[in-house]
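# Understanding the architecture of this molecule
Spelled out, the chains give:
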Amino acid sequence: MADHNDAPPTEASLRRALHRAADGRALDVDEAATLLTARGEPLDQLLAIAGGVRDAGLRDAGRPGVVTFSKNVFIPLTRLCRDRCHYCTFATVPHRLPAAFLERDEVLQIARDGAAQGCKEALFTLGDRPEERWPAAREWLHERGYDSTLDYVRASAIAVLEETGLLPHLNPGVLSWADLQRLKPVAASMGMMLETTATRLWSEPGGPHYGSPDKEPAVRLRVLEDAGRVGVPFTTGILIGIGETLAERADSLFAIRRVARQYGHIQEVIVQNFRAKPDTAMRGMPDAELHDLAATVAVARILLGPRARIQAPPNLIAGEYDLLLRAGIDDWGGVSPVTPDHVSPERPWPQIEELARHTAAAGFTMRERLAVYPEYVVRGDPWLDPRVLPHVAALSLDSGLADPEAAPTGHPWQEPDDTVASGRVDLHKEIDTEGRTEDRRGDFDSVYGDWSLVRDSVGVPSGAPHHELPDQLREGLRLAGSRPGSLLLPRNEGRRWRCSGRTVRRSTSCAGSRTGCGGRRSATTSRTSSTATSTSPTSATWGAASARSPSASGTPTPTGSPWSRWPTGPRRRGGPARPRCACRVASTPSCRSPCTPTWCVRSRSGCRGCTSTRSRRWRS
Ligand SMILES: O=c1nc2n(C[C@H](O)[C@H](O)[C@H](O)CO)c3cc(O)ccc3cc-2c(=O)[nH]1
Ligand SMILES: C[C@H]1O[C@@H](n2cnc3c(N)ncnc32)[C@H](O)[C@@H]1O
Ligand code: SF4
């Protein structure tokens, strides 16, 4: 792998960046990277700024000085994985395991042991799609009638909800839009670490993510975005010290901020420090240094703002609780009195009482939260599927925090008739026949994220007068407004609505996708690389973010999503080429019906299937 180093910033540039941060001014990637170098006195200043931002956010959230944690059990459903992250000891080979997966009874036993100790979260962390690499995994699933690891995750989560009442937090790696849809009703929350946006760490031999298809940054960014579209309270984060430059690290934080602002679904951001482990390819690399971790937490806090929840795992920080609290965290993540951290089993959890003591010594109160953060609990719909809401309600206080007195007990879980998202349930039929019954949904302002960001990303000028739109697009919009169903009529089928210089079919205002026309979505448009000069955390920006943070917002359900509403339709023979999937491995897959062809999940054999089957259902 090529050598990549950061040029050290000058003292003056560090001072300037600190001043800007202290004033709540916009920071760009260079300034953020400069702040990451702070040590000694400048680091103290940085931590003080970040700590102040965190404190303001906690006051605003109605829980001043409260640092949260979740009492959980760790369920390593499978330790087989198709990836080969060079730092990971969690993933192993079949002959080192008694079986490819934990049996249902083993899963339930862990959850019951946790319930007996007052745990309320079942953290499912597992290897990615092991059936694509290991015959043993394929056979295990096949023998028990599961089509995939994710099917078994779903069944296990239902069993845990029904038999124990613990709330599943699912961390199974890369998920497609359809996977997120299927899993949302069985989980309180989900998560996947972004790790890093540095593509070179994935694409270049020797990089920590080389040989791990699920660690391609573009793929992971897409998961974050899809989780937002599906309205899943989502945990993500970065792994530091794996060979990324400081600019790349800052870029990763900007990328998380962008998606968090857009959808309001990022419930917490984990800043995790790399720990070198024996028997891994990276055993010779130095551990991420704890002042580096503190500076990164502080920069994350300053960039993400007071309403972000920021977590550092308490078992990886060598007792530096005070340092991390000063840096601006407000959460310790999952801590278990029952199970080890299977990702870092050599690093035991602190006792919860001990953690509470350290937290108190730093001037904070430690309180238990659920797997899903309080703001999303309080809001409920559209973040929590009605089928999992009773389980969450049974364990929460009015504040949305965990009720420490509540003892989890199983509650029945109802299998849906179809995979229909929560929210308005008639859209799959009526939207195509009757159109909208109102101009927009009542909670429009709070559920559609940040419209100014959306506008920027589709390239529509602010307040563009209607008469400046091209005629055909105006005609398309008129139809969409008055009789949306008519866009699907054969007479309109072949029409081309011009949009931003691209040709799309039956799409109106580029509704097929956010980044442009769904029918033409290209690898470049979806391979998001974060904006280096992205706007930053002035108080005004934080204020704006609050309007869409979950306390005041939600996110589009897929049926209501403005950019997924209109199918783009199939292409004719001799017409333009089938759109390429964002993974660039395949054109849109075997699905021949009209669909919104944007994404497929990569597998070694190519495209695993188009994730957007909903348009077919809408047409029938
Ligand atoms: O969503 C995630 N949660 C992760 N969690 C869970 C997290 O600490 C909490 O359980 C969540 O905050 C939900 O409450 C971990 C817990 C561990 O013990 C060890 C590693 C992780 C890693 C992740 C992760 O990658 N993604
Ligand atoms: C579950 C999460 O744990 C993190 N993870 C995996 N291995 C290590 C390690 N050696 N050191 C620190 N974090 C690690 C990754 O970020 C992964 O996504
Ligand atoms: S970190 Fe996750 S994806 Fe990577 S090898 Fe380990 S289990 Fe697999």
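Labelled according to an unreviewed UniProt entry, the protein appears under the name 7,8-didemethyl-8-hydroxy-5-deazariboflavin synthase, originating from Phytohabitans suffuscus. In its Catalytic activity (unreviewed entry) section, the UniProt record describing the protein reads: "5-amino-5-(4-hydroxybenzyl)-6-(D-ribitylimino)-5,6-dihydrouracil + S-adenosyl-L-methionine = 7,8-didemethyl-8-hydroxy-5-deazariboflavin + 5'-deoxyadenosine + L-methionine + NH4(+) + H(+)". Note on the protein: under the UniProt heading Pathway (unreviewed entry), the record states "Cofactor biosynthesis; coenzyme F0 biosynthesis."

Below, the discussion takes up the overall build of the protein. Check the secondary structure of the protein and you find 23 helices and 13 strands. Taken across its 620 residues, the protein has 59% of its residues classed as buried. Contacts in the protein between residues at least 24 apart in sequence constitute 72% of all its contacts with a sequence separation of at least 6. Within the structure as shown, the protein displays about 24100 Å² of accessible surface, and the carbon and sulfur contribution to it stands at 50%.

Counting across every chain of the model gives 32 salt bridges. Arginine 144 is the partner of glutamate 103 in a salt bridge, and the nearest nitrogen-oxygen pair spans 2.7 Å. Placement of glutamate 103 in the loop between β1 (66-75) and α4 (104-116) and of arginine 144 in the loop between α5 (135-143) and α6 (149-163) is noted, with a sequence separation of 41 residues between them. Salt-bridge contacts for arginine 144 lead to glutamate 143; the nearest nitrogen and oxygen are separated by 3.5 Å. Shared partners join several salt bridges into a network, and the residues in it are Arg39, Glu244, Arg249, Glu289 and Asp292.

Around ligand 1 lies a shell of 19 residues, among which Glu121, His169, Glu268, Gly334 and Arg369 are the nearest. The contact in question runs from an oxygen atom of ligand 1 to an N or O atom on the side chain of asparagine 171, over 3.3 Å. Here glutamine 311 contributes a side-chain N or O atom positioned 3.2 Å from an oxygen atom of ligand 1. In isolation ligand 1 exposes 510 Å². Once the protein is present, 94% of that is buried. Cavity membership is defined here by more than half of the atoms lying within 2 Å of grid points; on that basis ligand 1 lies in the largest cavity. When contributions to the shell around ligand 1 are tallied by element, the ones reaching two or more residues are β1, β2 (121-125), β3 (167-171), β6 (266-273) and β8 (331-335). Among the elements that take part in the shell around ligand 1, β1 stands out by supplying three residues, more than any other.

Another aspect to go through is the site of ligand 3. Around ligand 3, the surrounding shell consists of Cys81, Asp83, Cys85, Cys88, Phe90, Ala91, Gly127, Asp128 and Lys215. Judged by the fraction of its atoms near the pocket grid, ligand 3 is located in the largest cavity. Taken together, the residues that form the shell around ligand 3 break down as five nonpolar, one polar and three charged.

What follows concerns the packing of aromatic side chains. Applying the stated criterion across every chain, the model contains seven aromatic pairs. Judged by centre distance (4.8 Å) and plane angle (55 degrees), the ring pair of tryptophan 140 and tyrosine 152 falls under tilted. Placement of tryptophan 140 in helix α5 and of tyrosine 152 in helix α6 is noted, with a sequence separation of twelve residues between them. Across this residue pair, the class does not change: tryptophan 140 and tyrosine 152 are buried. A ring pair is formed by tyrosine 376 and tryptophan 383, whose centres lie 4.9 Å apart and whose planes are at 90 degrees; its orientation type is edge-to-face.

On to the environment of aspartate 60. With respect to the helices and strands, the residue aspartate 60 is situated in helix α3 (residues 40-60). The exposure class of aspartate 60 is partly exposed, given its relative accessible area of 47%. Each C-alpha atom, one on aspartate 60 and one on isoleucine 240, is 29 Å from the other, the two residues being 180 residues apart in sequence.

One turn of the α-helix equals 3.6 residues, which is why residues spaced by three or four share an orientation. Between the first and last C-alpha of helix α10 (residues 246-263) there are 26 Å, a value that for 18 residues agrees with the 26 Å anticipated at 1.5 Å per step. With respect to burial, α10 is a largely interior element, 16 of its 18 residues being buried. Two residues or fewer after α10 comes glycine 264, characterised by a positive phi angle close to 70 degrees.

So, about the pairing of β3. Across the five residues that make up β3, a large majority, four, are buried. Direction of pairing for β2 relative to β3: parallel, over a ladder of five bridges. Directly across from phenylalanine 124, in β3, lies its bridge partner leucine 170. Across two bridges, the pairing between β3 and strand β4 (residues 189-191) is parallel. The residue bridging histidine 169 from the neighbouring strand is serine 189, located in β4. Following the chain from β3 across helix α7 (residues 177-183) to the adjacent parallel β4, one finds a crossover that is right-handed.

Right, let's get into the packing of α4 against α6. Look at α4 against α6: their axes get within 10 Å of each other, and the N-to-C directions meet at 45 degrees. As far as their axial angle goes, α6 and α4 are oblique. In terms of crossing hand, the pair formed by α4 and α6 is right-handed. The residues of α6 that touch α4, namely those facing Arg104, Val107, Leu108, Ala111 and Arg112, are Tyr152, Ser156, Ala159, Val160 and Glu163. The class makeup of the residues in the contact of α4 with α6 is six nonpolar, one polar and three charged.

Confidence along the protein averages 79 in pLDDT terms, with 70% of residues attaining 70 or more. Within the model, the stretch residues 497-620 combines pLDDT values under 50 with 333 contacts to residues more than four positions away or in other chains. Interface scoring of the predicted complex returns ipTM 0.96; its pTM is 0.75.

The next thing to look at is the UniProt feature "domain: Radical SAM core" (unreviewed entry) in the protein. On the UniProt side, "domain: Radical SAM core" (unreviewed entry) is annotated at positions that read residues 67-313 here. The distance separating the terminal C-alpha atoms of residues 67-313 is 13 Å; by composition the span is 38% helix and 16% strand.

Moving on, we get to α5. Of all the residues in α5, the buried ones are Ala137, Trp140 and Leu141. Down the axis, α5 shows its buried residues gathered within 95 degrees of arc, on one side only. Projecting away from the buried face of α5 at angles above 90 degrees are the exposed residues His142 and Glu143. Against the buried residues of α5 lie α6.

Among the ten residues in β1, ten count as buried, and that is most of the element. Side-chain alternation along β1 places Val66, Thr68, Ser70, Asn72 and Phe74 on one buried face and Val67, Phe69, Lys71, Val73 and Ile75 on a second face that is also buried. Note: β1 against strand β9 (residues 365-368), four bridges, orientation parallel. Paired with valine 67 across the strands is methionine 366, a residue of β9. Examined bridge by bridge, β1 and β8 share three bridges and lie parallel to one another. Within β8, the position partnered with lysine 71 by the bridge is valine 335. Strand direction decides the pairing type here: β1 and β2, joined by four bridges, are parallel.

Scoring rules and cut-offs
Residues numbered from 1 in each chain as written. Chains lettered and ligands numbered in written order. Predicted model: local features only at pLDDT ≥ 70, side-chain atom pairs only at ≥ 80, totals over all residues. Heavy atoms only, no water. UniProt positions renumbered as here; feature names shortened; annotations may be inferred. Helix = DSSP H or I, 4+ residues; strand = E, 2+ residues; numbered from the N terminus. Buried < 20%, exposed > 50% of the residue type's maximum accessible area, 1.4 Å probe, protein only. Contact = heavy atoms within 4.5 Å. Areas by Shrake-Rupley, 256 points an atom, 1.4 Å probe, with all protein chains shown as cover. Salt bridge = Lys/Arg side-chain N within 4 Å of Asp/Glu carboxyl O. Near = heavy atom within 4 Å. Polar contact = N/O pair within 3.5 Å; in protein donor to acceptor, adjacent residues only side chain to side chain. 1 Å grid on protein atoms, 1.4 Å probe; cavity = no way out; pocket = protein on both sides within 12 Å on 5 of 7 lines; lining within 4 Å. Sits in = over half its atoms within 2 Å of the grid points. Nonpolar A, V, L, I, M, F, W, Y, C, P; charged D, E, K, R; others polar. Phe/Tyr/Trp six-rings, centres within 6.5 Å; stacked < 30°, edge-to-face > 60°. Expected span 1.5 Å × (residues − 1). Pairing = 2+ DSSP bridges. Right-handed = clockwise from strand over helix to strand, strands pointing away. Axes fitted to C-alpha atoms, helices over the stretch in contact; angles between N-to-C directions. Parallel < 35°, antiparallel > 145°, perpendicular 65-115°, else oblique. Left-handed = near helix turned anticlockwise from the far one by under 90°. pLDDT = per-residue confidence, 0-100. Arc of directions from axis to C-beta.

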